[in-house]
Amino acid sequence: MEYLLSARHNTFHTGTVQLGQLHIFTILTIKTHDEEKQRTERSHTFHEKALYPFIPFIALLAVYFLDDPFMVLKNYERYDQTPVVLNEGHVGWQMYLNNRDTIPIDSYIMGNSCTMAYQCHEWEKYLHGGRAVRLFGNAESLAAVCLKLKALDKAGATIKNLLLIIDKESLHNDRCLTGHSNILPPAISGISSFKFQKEFCQAFFYPNFLFPYLDYKLFHTYRPYMKGVINPYGSTRNPVTNDVLNPREKMIKEEGDKYWENRKGEFTKEKMKNYRDGKYREAPQVLREKQINLLQEIKWICRKHDTDVKIIISPDYLQVNINPADVKTLKRFFGKRNVFDFTGINEYTEDIHNYYEPGHYRPALGKRLMEKIYEPYILSPNAKSPASPSPGTI
């Protein structure tokens, strides 16, 4: 009997212990679940707060990829319908690629921004059927010109004519300029597409670009501090030849002689006070070993293609003569009849009406200079065409 009672007691005790353990386990499980939930909520809150500082960056990154302000993320049929100042090296190359299969392009205007004075349709009058495009760059260097010719050669292009517009700065620079405004596309420079794209993406976030860009995007109002970022004049380029359509021509037409009177400040800056006084001035010699090596490469490509080369040294408003030694070097490489120096004091630099501002001259002057350099072929019926292997080729 005692044994049975003892057994029943042990059984009851064991059951009680098991029920108690189950109860405790249940409580612990619920508590653990609640704690885990709280930790998850705290973790989500922390991550959300950690993301807050990055929201503006993510939003701006979305703007960059959606707007493509520099027009480099994809190819476009036209590059003349944006208010943003673009990379001219990239734009010119893309325009060439867009049109080369439908237009037999064989002639190229290269050099710095003064190429704006030389319109393709005017130059084509002397090319006997040649079709031209302007492949320039702001503050273009000899190195950039050389790379562009190499890229054309590699692409299987015909290089029948080359009109090279330079000044002493162009000759002095033996390296390509950097930065998003000047970096050359991968097909020309040989850099990776990633490095090329990174340059523009980084530039977008610089305050000196980002603030003017967003300001104009929101309010569509040009302000002086946007200079160099926003073009306030609308379309300024021919979508096929890349000729510039300078809005200052319209201003000159509207204002007449008052254009230059209203802008005396641009032509009489402090740094210009010792120039244009009738005295002969000569720039230092700039063509050294590196530049001469580049000239040799340019000559080699032009000789390979039997290219008719014409080099114009731009008429400097300050009337400083390029160093005669540099002119002599250019003539040694490209021929005396193919190098034309318009620097110094002359009929072209004397007339202020030939200039928009001291750094750039007008197409009317460019047209006169082309007439001057092609005059022997026009006046002499026996002279060989500039498009023939001689005397223009090197």
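Residues numbered from 1 in each chain as written. Predicted model: local features only at pLDDT ≥ 70, side-chain atom pairs only at ≥ 80, totals over all residues. Heavy atoms only, no water.

(A) Spotlight on the overall build of the protein. Across its full length, the protein holds 16 helices and seven strands. Burial status across the protein gives 42% buried among its 394 residues. Across the protein, the fraction of contacts at a sequence separation of at least 24, relative to all contacts at a separation of at least 6, is 72%. Carbon and sulfur atoms form 57% of the exposed surface of the protein, whose accessible area is close to 22100 Å². (Helix = DSSP H or I, 4+ residues; strand = E, 2+ residues; numbered from the N terminus. Buried < 20%, exposed > 50% of the residue type's maximum accessible area, 1.4 Å probe, protein only. Contact = heavy atoms within 4.5 Å. Areas by Shrake-Rupley, 256 points an atom, 1.4 Å probe, with all protein chains shown as cover.)

(B) Layout of the pattern of salt bridges. Under the counting rule described, the total for this entry stands at 17 salt bridges. The shortest N-O distance in the salt bridge between Glu122 and Lys125 comes to 2.9 Å. The partner of Glu140 in a salt bridge is Lys148, with the nearest N and O atoms 2.5 Å apart. For Glu140, a relative accessible area of 6% translates into the label buried. Residues participating in the shared-partner salt-bridge network are Lys168, Glu169 and Asp316. (Salt bridge = Lys/Arg side-chain N within 4 Å of Asp/Glu carboxyl O.)

(C) Inspection of the sheet that holds strand S5 (residues 339–341) at higher detail. The strand order S2-S1-S3-S4-S5 describes an open sheet built from five strands, whose pairing is parallel. Sheet topology places strand S2 (131–136) and S5 at the edges, where each strand pairs with a single neighbour. Pairs of neighbouring strands in the sheet enclose a mean axial angle of 15°, with direction left out of account. In this structure, strand S1 (residues 105–111) lies alongside S2, joined through six bridges in parallel fashion. Note that in S2 the partner of Ile109 across the bridge is Arg134. Running at roughly 155° to S2, helix H3 (residues 88–99) makes contact with S1 and S2 of the sheet. (Pairing = 2+ DSSP bridges. Axes fitted to C-alpha atoms, helices over the stretch in contact; angles between N-to-C directions.)

(D) Quick peek at empty space enclosed by the protein. The tally for this structure, following the rule as stated, stands at four cavities of 30 Å³ or more. Each pocket or cavity is described by its volume, and for the largest cavity that value is around 100 Å³. Here the lining of the largest cavity is built from residues that sort into five nonpolar, seven polar and two charged. (1 Å grid on protein atoms, 1.4 Å probe; cavity = no way out; pocket = protein on both sides within 12 Å on 5 of 7 lines; lining within 4 Å. Points joined across faces, edges and corners; volume = space filled by probe spheres on them. Nonpolar A, V, L, I, M, F, W, Y, C, P; charged D, E, K, R; others polar.)

(E) Up close: a nonpolar patch on the surface. A cluster of nonpolar side chains, Phe54, Phe57 and Ile58, forms an exposed patch at the surface whose accessible area comes to about 310 Å². Given the relative accessible area of 43%, Phe57 is considered partly exposed. (Patch = residues over 30% accessible without salt bridge, like charges linked within 9 Å, V, L, I, M, F, W, Y side chains within 5 Å.)

(F) Representation of the layout of surface pockets within the structure. As a volume, the second largest pocket reaches approximately 220 Å³. Around the second largest pocket, the lining comprises 13 residues; the ones closest to its centre are Asp67, Thr82, Pro83, Val84 and Tyr213. Counting residues per element, the lining of the second largest pocket draws most heavily on helix H9 (residues 207–219), at three residues. Residue composition of the lining of the second largest pocket, grouped by class: eight nonpolar, two polar and three charged.

(G) Examining the side chain of Lys310 more closely. Counting through the fold element by element, Lys310 comes out in strand S4 (residues 308–313). With relative accessibility at 0%, the residue Lys310 sits in the buried group. Polar side-chain contacts of Lys310 include one of 3.3 Å to the side chain of Asp308. (Polar contact = N/O pair within 3.5 Å; in protein donor to acceptor, adjacent residues only side chain to side chain.)

(H) The packing of helix H8 (residues 193–205) against H9, seen in detail. Viewed as axis vectors pointing N to C, H8 and H9 meet at an angle of 70°, and their least axial separation amounts to 5 Å. One finds that H8 runs roughly perpendicular with respect to H9. Two secondary-structure elements touch here, H8 through Ala203, Phe204 and Phe205 and H9 through Pro207, Phe209, Leu210 and Tyr213. Along the lines of polarity and charge, the residues of the contact of H8 with H9 split into seven nonpolar, no polar and no charged. (Parallel < 35°, antiparallel > 145°, perpendicular 65-115°, else oblique.)

(I) Local environment of the packing of aromatic side chains. Taken as a whole and assessed by the stated rule, the structure comprises 21 aromatic pairs. Here Arg276 stacks its cationic end above the ring of Tyr317, 4.0 Å away from the centre of that ring. (Phe/Tyr/Trp six-rings, centres within 6.5 Å; stacked < 30°, edge-to-face > 60°. Lys NZ or Arg CZ within 6 Å of the ring centre and 35° of its normal.)

(J) Quick peek at the environment of Asp174. With respect to the helices and strands, Asp174 occurs in the loop between helix H6 (168–172) and helix H7 (186–189). Distance from Asp174 to Arg288, taken between C-alpha atoms, is 9.4 Å for residues 114 residues apart in sequence.

(K) Structural context of the nonpolar core. Judged by nonpolar contacts, the single largest core of 40 residues is most densely connected at Tyr108, Met110, Leu149, Leu152, Leu330 and Phe334. Where this core is concerned, the elements lending two or more residues are H3, S1, S2, helix H5 (142–154), strand S3 (161–166), helix H13 (289–304), S4 and helix H14 (324–334). The element that contributes the greatest number of residues to this core is H5, accounting for eight residues. If you look at the next biggest cluster of nonpolar residues, it comprises 32 residues, including Ile165, Trp260, Phe267 and Ile373. (Core = buried A, V, L, I, M, F, W, Y, C linked by side-chain atoms within 4.5 Å.)

(L) Region of interest: the confidence of the model for the protein. When the pLDDT values of the protein are averaged, the result is 86; 82% of them are 70 or greater. Segment residues 1–22: pLDDT under 50, and zero contacts once partners within four positions in sequence are set aside and those in other chains are kept. In this model, residues 381–391 is a region of pLDDT below 50 whose contacts with residues beyond four sequence positions or in other chains number 20 contacts. (pLDDT = per-residue confidence, 0-100.)

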